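These are the residues of each chain, in order.
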Amino acid sequence: MFAPSDLSRLSKPELYNELATQISALIRDETDPVANMANCAAVLFNSVPRLNWVGFYLLKGGELVLGPFQGRPACVRIAFGRGAVGTAAEKRTTIRVANVNEYPGHIVCDSASKSEIVVPLVSDDSHILGVLDVDSPELERFDAEDEEGLRAIGKIIAAKLQ
């Protein structure tokens with residue numbers, strides 16, 4: 001059984017290192033990608049402070065389709081190049097949005113979201129698999145330390161999607 005520990009006193013780098021370790025252990029022996037993404041979303045949602053949505057969009061039929069998540073109901077399909085999610089997938093680059101209301105083409109799924117970070121999930125042979133999308137109800141919530149930590153976790157989950 002998974003037993004989370006108190007992570008509240010850790011620095012951001014320490015928090016993300018611990019979460020990467022926990023997520024790796026949690027999904028190590030499981031082969032089902034949905035189960036692995038669901039557990040990853042739950043760990044992040046319940047461990048990283050000041051979030052209102054954590055989830056995955058997966059490439060299916062040329063568009064990004066909602067996968068496992070934690071938070072309010074979300075947009076189901078997002079086109080490549082549309083919003084932060086579609087742009088991160090199209091460009092295969094992490095996108096940090098300090099204020100979603102100032103992001104060109106922002107897609108409003110949860111009106112409580114004020115900032116966002118989207119991490120592309122890329123296969124070993126450089127194909128886009130989907131994205132990890134994380135939202136906060138606070139402006140300017142995500143910084144370089146969040147990006148580094150979430151990118152590391154994105155690599156862990158991407159390896160289990162191949």
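Everything numeric in this text was worked out from a predicted model, so none of it was measured.

J.: In this structure, what is going on with unusual backbone geometry? I would like to understand it.
T.: Where the residue is not glycine, phi is negative for most of them; where a peptide bond is considered, it is trans in most cases. If you check the backbone angles, arginine 50 has positive phi at about 65° while not being a glycine. As for its position among the elements, arginine 50 is in the loop between α2 (33-47) and β1 (53-60). Backbone geometry places glutamate 140, a non-glycine residue, at a positive phi of 50°. Note that glutamate 140 resides in the loop between β6 (128-136) and α4 (144-161). On the basis of relative accessible area, glutamate 140 is assigned to the exposed category, the value being 65%.

J.: Can you help me understand the packing of helix α1 (residues 12-27) against α2 in this one?
T.: When two helices pack together, their arrangement is captured by the angle between the axes and the distance separating the axes. Where α1 meets α2, the closest approach of the two axes is 10 Å, and the angle between their N-to-C directions is 150°. Considered as vectors, α1 and α2 are oriented roughly antiparallel to each other. Between α1 and α2 lies a crossing whose hand is right-handed. Contacts between α1 and α2 involve Leu15, Leu19, Gln22, Ile23, Leu26 and Ile27 from the first element and Asn36, Asn39, Cys40, Val43, Leu44 and Ser47 from the second. Considering only residue class, the contact of α1 with α2 consists of eight nonpolar, four polar and no charged.

J.: What is the right way to read the pairing of β1 from this model?
T.: Residues in a regular strand project their side chains so that they alternate between the two faces of the sheet. Along β1, six of the eight residues are buried, which leaves the element largely enclosed by surrounding structure. With seven bridges connecting them, β1 and strand β2 (residues 63-71) associate as antiparallel partners. The residue bridging valine 54 from the neighbouring strand is glutamine 70, located in β2. Between the end of β1 and the start of β2, which pair antiparallel, lie two residues, with glycine 61 showing a positive phi angle near 60°. As defined by bridge partners, β1 adjoins β6 across six bridges and the pair is classed as antiparallel. Across the sheet, residue valine 54 finds its bridge partner in β6, namely valine 134.

J.: Even after reading the chapter, I still don't get the environment of aspartate 110, so can you show me in this structure?
T.: Relative to the assigned elements, aspartate 110 resides in the loop between β4 (95-97) and β5 (115-122). The class for aspartate 110 is buried, based on a relative accessible area of 7%. Between the C-alpha atoms of aspartate 110 and arginine 72, which are 38 residues apart in sequence, the distance is 6.8 Å. Sequence-distant contacts of aspartate 110, defined by excluding residues within four places in its chain, comprise Asn52 and Arg72.

Quick notes on the rules
Residue indices begin from 1 for each chain and proceed along its sequence in written order. At least 70 in pLDDT is required for a residue's local features to be given in this predicted model, at least 80 for side-chain atom pairs to be given and counted, and no such filter applies to totals for whole chains, interfaces and linings, which use all residues. Side-chain measures were taken over the full set of non-hydrogen atoms in the model, leaving aside hydrogen atoms and water. Put simply, DSSP H or I for four residues or longer makes a helix, DSSP E for two residues or longer makes a strand, and each gets a number counted from the N terminus. Burial classes: relative accessible area under 20% of the type maximum marks a residue as buried, over 50% as exposed, and values in between as partly exposed (1.4 Å probe, protein chains only). In this description, a line fitted to the C-alpha atoms serves as the axis of each element, helices being fitted only across the stretch in contact, and the angle between N-to-C directions of two axes falls anywhere from 0 to 180 degrees. If an angle is under 35 degrees, it is roughly parallel; if it is over 145, roughly antiparallel; if it lies from 65 to 115, roughly perpendicular; otherwise it is oblique. Throughout, a crossing is termed right-handed when the near helix is turned clockwise from the far one, and left-handed when it is turned anticlockwise from it by less than a right angle. Throughout, a contact is declared for two residues whenever any of their heavy atoms are within 4.5 Å. When residues are sorted by character, Ala, Val, Leu, Ile, Met, Phe, Trp, Tyr, Cys and Pro go into the nonpolar class, Asp, Glu, Lys and Arg into the charged class, and all the rest, Gly among them, into the polar class. Whether two strands pair comes down to DSSP finding at least two bridges between them.

All quantities given are derived from atomic positions and should not be read as evidence of function.
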